[in-house]
Amino acid sequence: MIRQLSFLDLPEPEEESFDDHGIASRHHVLRVSAEMEVGRAGEYLVMADLLLNGWVAYPTSQGVPYDIAVDIGNRVLRVQVKSTKMPKTPASLNRGTPLYVFHTRRAGKGGRRRYSAEDFDVLALVALDRRLIAYYALADCRNDCIAIRVPGLRYGDGGVKCRYFEDAKFEFALNSVLRGNQQEDLSLPRQFNTVNPSA
């Protein structure tokens, strides 16, 4: 049986870069063989992150609109994973400093299908070169594209729409999902409201 080499089979070359103070840091440069490998690597990284932080998480099978199911006790959160190998400098954003750019509303090869609001609850955005993950509730992702700043790079003022990995923990996304569900419950007619009216 012939097996295609994966980036997991090869030793990772390291690049050394220097910050403004002359301190050297190393980060890995990935050689990924296929789009599928990028997606699968991102899913495994998210699974590991969730499991190591005490969450009960399960991978899903192909054909489901989300990649990971997280059991939070009273319900299951559906997590969709989007991965990228490295930051880009998109010409459309007219900037010189690279960003991690994720297309969040489209699915399938070439983005032929659009996700609906019922497909998943949480979006996990993975930067494979630095092994960073940002979690966002779907309700907090109104644009088709999310740009996340590269940690350690210097950016100019502004950039209100840019986000940061350190501000996007799973617990924040979970709280946002649960707050959104409470608001939905309160907007239901009284006979369908699951909130205790005597409380």
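Residues numbered from 1 in each chain as written. Predicted model: local features only at pLDDT ≥ 70, side-chain atom pairs only at ≥ 80, totals over all residues. Heavy atoms only, no water.

**Examining the overall build of the protein**
Logical step 1: Across its full length, the protein carries two helices and eleven strands.
Logical step 2: For the protein, the α and β elements follow one another from N to C terminus as β-β-α-β-β-β-β-β-β-β-β-β-α.
Logical step 3: A buried classification covers 34% of the 199 residues belonging to the protein.
Logical step 4: Summarising the internal contacts of the protein: among those between residues at least 6 apart in sequence, 52% fall at separations of at least 24. (Helix = DSSP H or I, 4+ residues; strand = E, 2+ residues; numbered from the N terminus. Buried < 20%, exposed > 50% of the residue type's maximum accessible area, 1.4 Å probe, protein only. Contact = heavy atoms within 4.5 Å.)

**Section: the packing of aromatic side chains**
Logical step 1: Summed over the entire model, instances satisfying the criterion amount to three aromatic pairs.
Logical step 2: By the ring-pair criterion, three or more aromatic residues cluster together here, those being Trp55, Tyr135 and Phe170.
Logical step 3: Its guanidinium or amino end placed over the ring of Tyr136, Arg163 lies 4.5 Å from that ring's centre, counting from NZ or CZ. (Phe/Tyr/Trp six-rings, centres within 6.5 Å; stacked < 30°, edge-to-face > 60°. Lys NZ or Arg CZ within 6 Å of the ring centre and 35° of its normal.)

**Regarding the sheet that holds strand β5 (residues 76–84)**
Logical step 1: With mixed pairing, five strands are arranged side by side in an open sheet as β3-β4-β5-β9-β10. Across the chains shown, the open sheet's two edge strands, defined by having one partner strand only, are β3 (56–59) and β10 (132–137). Taking the axes of each pair of neighbouring strands and ignoring which way they run, one obtains an average angle of 25 degrees across the sheet.
Logical step 2: Sheet analysis places strand β9 (residues 122–127) next to β10, joined by six bridges and oriented antiparallel. Across the sheet, Leu125 pairs through a bridge with Ala134, a residue of β10. (Pairing = 2+ DSSP bridges. Axes fitted to C-alpha atoms, helices over the stretch in contact; angles between N-to-C directions.)

**A few points about the side chain of Asp119**
Logical step 1: Tracing the chain through its elements places Asp119 in the loop between β8 (113–114) and β9.
Logical step 2: When near neighbours in sequence (up to four residues on either side) are disregarded, Asp119 contacts Pro65, Tyr66, Arg78, Arg113 and Arg114.

**Digging into helix α1 (residues 35–52)**
Logical step 1: For α1, which comprises 18 residues, the first-to-last C-alpha distance of 26 Å matches the rise-based estimate of 26 Å (1.5 Å per residue) to within 8%.
Logical step 2: Every buried residue of α1 is accounted for by Glu37, Val38, Ala41, Gly42, Val46, Met47 and Leu50.
Logical step 3: The first or second residue beyond α1 is Gly54, which carries a positive phi of 90 degrees. (Expected span 1.5 Å × (residues − 1).)

**Some thoughts on the pattern of salt bridges**
Logical step 1: Applying the stated criterion across every chain, the model contains three salt bridges.
Logical step 2: Of the charged contacts, one joins Arg40 and Glu37 as a salt bridge, the two residues approaching to 3.3 Å between their closest N and O atoms. Taken together, the residues span about one helical turn, with Arg40 and Glu37 both in helix α1 at a distance of three residues.
Logical step 3: A salt bridge links Arg78 to Asp121, with the nearest nitrogen and oxygen atoms 2.9 Å apart. One end of the pair, Arg78, is in strand β5; the other, Asp121, is in the loop between β8 and β9, and 43 residues separate them in sequence.
Logical step 4: A single network of salt bridges, built from pairs that share partners, joins Arg75, Arg78 and Asp121. (Salt bridge = Lys/Arg side-chain N within 4 Å of Asp/Glu carboxyl O.)

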